[in-house]
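Take a look at the letters that make up each chain.
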Amino acid sequence: MTENSAGTGPVVLDAQDRALAQDIADTVGGFLVALRAMATERDGGRAVSLLLLEISQVLLAGARLGAQRDFTPRSEYQPDVGPEPDLDDMRLSLADMLGGVDTYGFVFDPYVPDVVESQLSDDLTSIATDLDTGLRHYQQGNVAEALWWWQFSYVSSWGNLAGAALNALLSVVAHDRLDAEVVVDADQVAVANEMLESTGPDAR
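Residues numbered from 1 in each chain as written. Predicted model: local features only at pLDDT ≥ 70, side-chain atom pairs only at ≥ 80, totals over all residues. Heavy atoms only, no water.

**A closer look at the side chain of Ser118**
Right, on to step 1. Tracing the chain through its elements places Ser118 in strand β2 (residues 112-119).
Right, on to step 2. In this structure the side chain of Ser118 is engaged in a polar contact, spanning 2.9 Å, whose partner is the side chain of Asp123. (Helix = DSSP H or I, 4+ residues; strand = E, 2+ residues; numbered from the N terminus. Polar contact = N/O pair within 3.5 Å; in protein donor to acceptor, adjacent residues only side chain to side chain.)

**Details of the nonpolar core**
Right, on to step 1. Phe31, Leu35, Ile55, Ile127, Leu131, Leu147 and Trp150 are the most contacted members of the largest nonpolar core, which has 54 residues in total.
Right, on to step 2. Every element with two or more residues in this core is listed here: α1 (15-38), α2 (44-66), α3 (88-98), β1 (103-109), α4 (120-139) and α5 (143-177).
Right, on to step 3. Of all the elements, α5 adds the most residues to this core, at 16 residues.
Right, on to step 4. Discounting chain neighbours no more than four positions away, the residues touching Trp150 are Ala21, Ile24, Ala25, Val28, Leu65, Leu131, Gly134, Leu135, Tyr138 and Trp158. (Core = buried A, V, L, I, M, F, W, Y, C linked by side-chain atoms within 4.5 Å. Buried < 20%, exposed > 50% of the residue type's maximum accessible area, 1.4 Å probe, protein only. Contact = heavy atoms within 4.5 Å.)

**Considerations on the packing of α1 against α2**
If you want to describe how two helices pack, look at the angle between their axes and the distance between the axes.
Right, on to step 1. Put simply, α1 and α2 touch, their axes get as near as 10 Å, and they point 160° apart. As far as their axial angle goes, α2 and α1 are roughly antiparallel. In terms of crossing hand, the pair formed by α1 and α2 is left-handed. Contact residues: Leu20, Asp23, Ile24, Thr27, Gly30, Phe31, Ala34, Leu35 and Met38 in α1; Ala47, Leu50, Leu51, Glu54, Ile55, Gln57, Val58, Ala61, Arg64 and Leu65 in α2.
Right, on to step 2. The residue inventory of the contact of α1 with α2, partitioned by class, reads 13 nonpolar, three polar and three charged. (Axes fitted to C-alpha atoms, helices over the stretch in contact; angles between N-to-C directions. Parallel < 35°, antiparallel > 145°, perpendicular 65-115°, else oblique. Left-handed = near helix turned anticlockwise from the far one by under 90°. Nonpolar A, V, L, I, M, F, W, Y, C, P; charged D, E, K, R; others polar.)

**What to know about the confidence of the model for the chain**
Right, on to step 1. Model confidence for the chain is summarised by a mean pLDDT of 84, while 81% of its residues fall at 70 or above.
Right, on to step 2. Mean pLDDT across the elements of the chain bottoms out in helix α6 (residues 186-197) (68) and peaks in α4 (96).
Right, on to step 3. Scored below 50 in pLDDT, residues 1-9 shows 16 contacts in the model against residues more than four places distant or in partner chains. (pLDDT = per-residue confidence, 0-100.)

**Re the packing of aromatic side chains**
Right, on to step 1. Taken as a whole, this structure holds seven aromatic pairs when the rule is applied.
Right, on to step 2. Ring centres 5.5 Å apart and planes at 20° place the aromatic pair Tyr104 and Phe106 in the stacked group. Neither Tyr104 nor Phe106 differs from the other in exposure class; each is buried.
Right, on to step 3. Seen in terms of ring centroids, Trp148 and Phe152 are 5.2 Å apart; in terms of plane orientation they differ by 5°. Their pairing is stacked. With Trp148 and Phe152 both in helix α5 and four residues apart, this pair spans about one turn of that helix.
Right, on to step 4. Taken together, Tyr104, Phe106 and Phe108 form an aromatic cluster joined through their ring pairs. (Phe/Tyr/Trp six-rings, centres within 6.5 Å; stacked < 30°, edge-to-face > 60°.)

**A few points about α1**
Right, on to step 1. With 24 residues, α1 extends 34 Å from end C-alpha to end C-alpha; this agrees with the ideal 34 Å at 1.5 Å per step.
Right, on to step 2. Turning to α1, its buried residues number three or more, namely Asp17, Leu20, Ala21, Ile24, Ala25, Val28, Gly29, Phe31, Leu32, Ala34, Leu35 and Met38.
Right, on to step 3. At the N-terminal boundary of α1, the capping side chain belongs to Asp14, with an oxygen 3.1 Å from the backbone nitrogen of Gln16. (Expected span 1.5 Å × (residues − 1).)

**Some words on α3**
Right, on to step 1. All of the buried residues in α3 are Met90, Leu94, Met97 and Leu98. Across the axial projection of α3, the buried residues extend over an arc of 90°, all falling on one side. With respect to the buried face of α3, the exposed residues turned more than 90 degrees away are Asp89 and Asp96.
Right, on to step 2. Where α3 terminates, the next one or two residues include Gly99, which has phi positive at roughly 55°. (Arc of directions from axis to C-beta.)

**Thoughts on the packing of α3 against α4**
Right, on to step 1. α4 packs onto α3 with a crossing angle of 145° between their chain directions and a minimal axis gap of 8 Å. The way α3 lies across α4 gives a crossing that is right-handed. Where α3 approaches α4, its residues Met90, Arg91, Leu94, Ala95 and Leu98 are matched on the opposing element by Leu120, Ser121, Asp122, Leu124, Thr125 and Ala128.
Right, on to step 2. For the contact of α3 with α4, the per-class residue count stands at seven nonpolar, two polar and two charged.

**Notes on the environment of Arg18**
Right, on to step 1. Position of Arg18 relative to the elements: it lies in helix α1.
Right, on to step 2. According to the relative accessible area criterion, Arg18 is partly exposed, its value standing at 42%.
Right, on to step 3. Remark: the alpha-carbon pair of Arg18 and Ala144, spanning 126 residues in sequence, is separated by 8.8 Å.
Right, on to step 4. Apart from residues no more than four positions distant in its own chain, Arg18 is found in contact with Leu13 and Val143.

Set out below in structure tokens:
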């Protein structure tokens, strides 16, 4: 992204910036549709595998944003894109589907290694809310604002949550496929194994 010759004033997006924004919008849109669909999934093992795929893809989009120079919004205040979507039903459905593996522990800041307890359903819903805000900016033609918001919220919020969620889901798969001896709650390991065994050999 470039600025005017004085280094101030409205930003000007070039073709590469707009192509990036389109790619991110496509990825975000696909993630939001897939997450809503997985919230209705009754097969927990299949849902875990699909969540791994979808979160990996959206994290790749975030990494692309993180590799760019800082984007700048057109104005000091965000344009109004309306109220946030009501995702509470989706959150509750995800919690029900994930069951005993919904609660997990992660280190929010590896340089301040305090373990935080969280829920995958809450974190996935928070990620979806952040991504949806940027998507609505994009759909309303505020491309610079969308890029800024996706990049800012990736660094400050959803990138960390998505990475933690990915690690938790990978741990579920590892217990099933590698039978790894990792010190975690025995009941959660049993639930993880039961969920993934239901997928059968074709899912592996």
